[in-house]
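What the coordinates show
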Amino acid sequence: MQQNEMRLEFDSRSCNEGFVRVAVAAFMTQLNPTLEEVADVKTAVSEAVTNAIIHGYEGAVKKVVVECRITGQTLEVKVLDTGKGIEDIPKAMEPMFTTKEECDRAGMGFAFMEAFMDTLKVDSEVGKGTCVTMTRQIGRENKFER
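Per an unreviewed UniProt entry, the recorded name for the chain is Anti-sigma F factor, and the organism is Candidatus Choladousia intestinavium. Taken from UniProt, the Function (unreviewed entry) comment for the chain reads in full: "Binds to sigma F and blocks its ability to form an RNA polymerase holoenzyme (E-sigma F). Phosphorylates SpoIIAA on a serine residue. This phosphorylation may enable SpoIIAA to act as an anti-anti-sigma factor that counteracts SpoIIAB and thus releases sigma F from inhibition."

Structure follows, in structure tokens:
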């Protein structure tokens, strides 16, 4: 069974969100994904990283970590921060719930992650940080695999 891992650590600056999207997309190319699969994963990663930057650190510049693991045809992506944490995870995951109403698309991050990935798990502790773990089976629709 194919297995591979990577880890990125970067400053919690909005300008790094695009870099992380591209890095995860490049890493997953070894699974021969469809363009739709790449776009879905990039969107989910973008939402998770943006949540860490905006909600976890609230503008402070600290570190965000993204870990990716491939096992067989499954891609697992973890986005970790050591920010303020989430008080009520089920409430935070409700579509349209936000603590930052002034932000564009506020309240849709977790909804997008759930829509574009196969699984989504959120672990958080107030004052300690948050870990968002997402998985996606890649290649389910690749009928012409070699």
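A closer look at the pattern of salt bridges
For the structure shown, the criterion picks out 10 salt bridges. Between Lys 63 and Asp 11 there is a salt bridge whose closest N-O contact spans 2.6 Å. Within this pair, whereas Lys 63 is found in strand E2 (residues 63-71), its partner Asp 11 is found in strand E1 (residues 3-11), the two being separated by 52 residues in sequence. On the accessibility criterion, Lys 63 (42% relative accessible area) is partly exposed. Each of Glu 5, Arg 69 and Glu 76 takes part in one network of salt bridges that share partners.

Observations concerning the packing of helix H2 (residues 35-56) against helix H4 (residues 109-116)
Between H2 and H4, whose axes approach to 9 Å, the crossing angle comes to 150°. Regarding the angle of H2 to H4, the classification is roughly antiparallel. The handedness of the crossing between H2 and H4 is left-handed. Contacts between H2 and H4 involve Asp 40, Thr 43, Ala 44, Glu 47, Ala 48 and Asn 51 on the former and, on the latter, Gly 109, Phe 110, Phe 112, Met 113 and Phe 116. Of the residues contributing to the contact of H2 with H4, the split by class is 6 nonpolar, 3 polar and 2 charged.

A few points about H4
Among all positions in H4, only Gly 109, Phe 110, Ala 111 and Met 113 are buried. Residues of H4 that are buried in the fold lie against H2, helix H3 (89-92), strand E4 (119-125) and strand E5 (129-137).

So, the packing of helix H1 (residues 16-28) against H2
Close contact between H1 and H2 brings their axes to 9 Å; oriented N to C, the two are set at 140°. Here H1 lies oblique to H2, going by the angle between them. Where H1 crosses over H2, the handedness of that crossing is right-handed. Contacts from Glu 17, Val 20, Arg 21, Val 24, Ala 25 and Met 28 in H1 reach Glu 37, Val 38, Val 41, Lys 42, Thr 43, Val 45, Ser 46, Val 49 and Thr 50 in H2.

Thoughts on unusual backbone geometry
The backbone of Asn 32 sits at a positive phi, close to 55°, despite the residue not being glycine. Structurally, Asn 32 can be placed in the loop between H1 and H2. The partly exposed category is assigned to Asn 32, whose relative accessible area is 48%. For Glu 58, which is not glycine, the phi dihedral falls at a positive 45°. For Glu 58, a relative accessible area of 46% gives the class partly exposed.

Observations concerning the nonpolar core
In this structure, Val 24, Val 66, Leu 75, Val 77 and Met 134 are the most contacted members of the largest nonpolar core, which totals 37 residues. The element that contributes the greatest number of residues to this core is H2, accounting for 8 residues. Discounting residues that sit within four places of it in the chain, Val 66 has contacts with Met 6, Arg 7, Leu 8, Phe 10, Val 20, Val 24, Val 49, Val 77, Lys 78 and Val 79.

Scoring rules and cut-offs
- Residues numbered from 1 in each chain as written.
- Predicted model: local features only at pLDDT ≥ 70, side-chain atom pairs only at ≥ 80, totals over all residues.
- Heavy atoms only, no water.
- UniProt positions renumbered as here; feature names shortened; annotations may be inferred.
- Salt bridge = Lys/Arg side-chain N within 4 Å of Asp/Glu carboxyl O.
- Helix = DSSP H or I, 4+ residues; strand = E, 2+ residues; numbered from the N terminus.
- Buried < 20%, exposed > 50% of the residue type's maximum accessible area, 1.4 Å probe, protein only.
- Axes fitted to C-alpha atoms, helices over the stretch in contact; angles between N-to-C directions.
- Parallel < 35°, antiparallel > 145°, perpendicular 65-115°, else oblique.
- Left-handed = near helix turned anticlockwise from the far one by under 90°.
- Contact = heavy atoms within 4.5 Å.
- Nonpolar A, V, L, I, M, F, W, Y, C, P; charged D, E, K, R; others polar.
- Core = buried A, V, L, I, M, F, W, Y, C linked by side-chain atoms within 4.5 Å.

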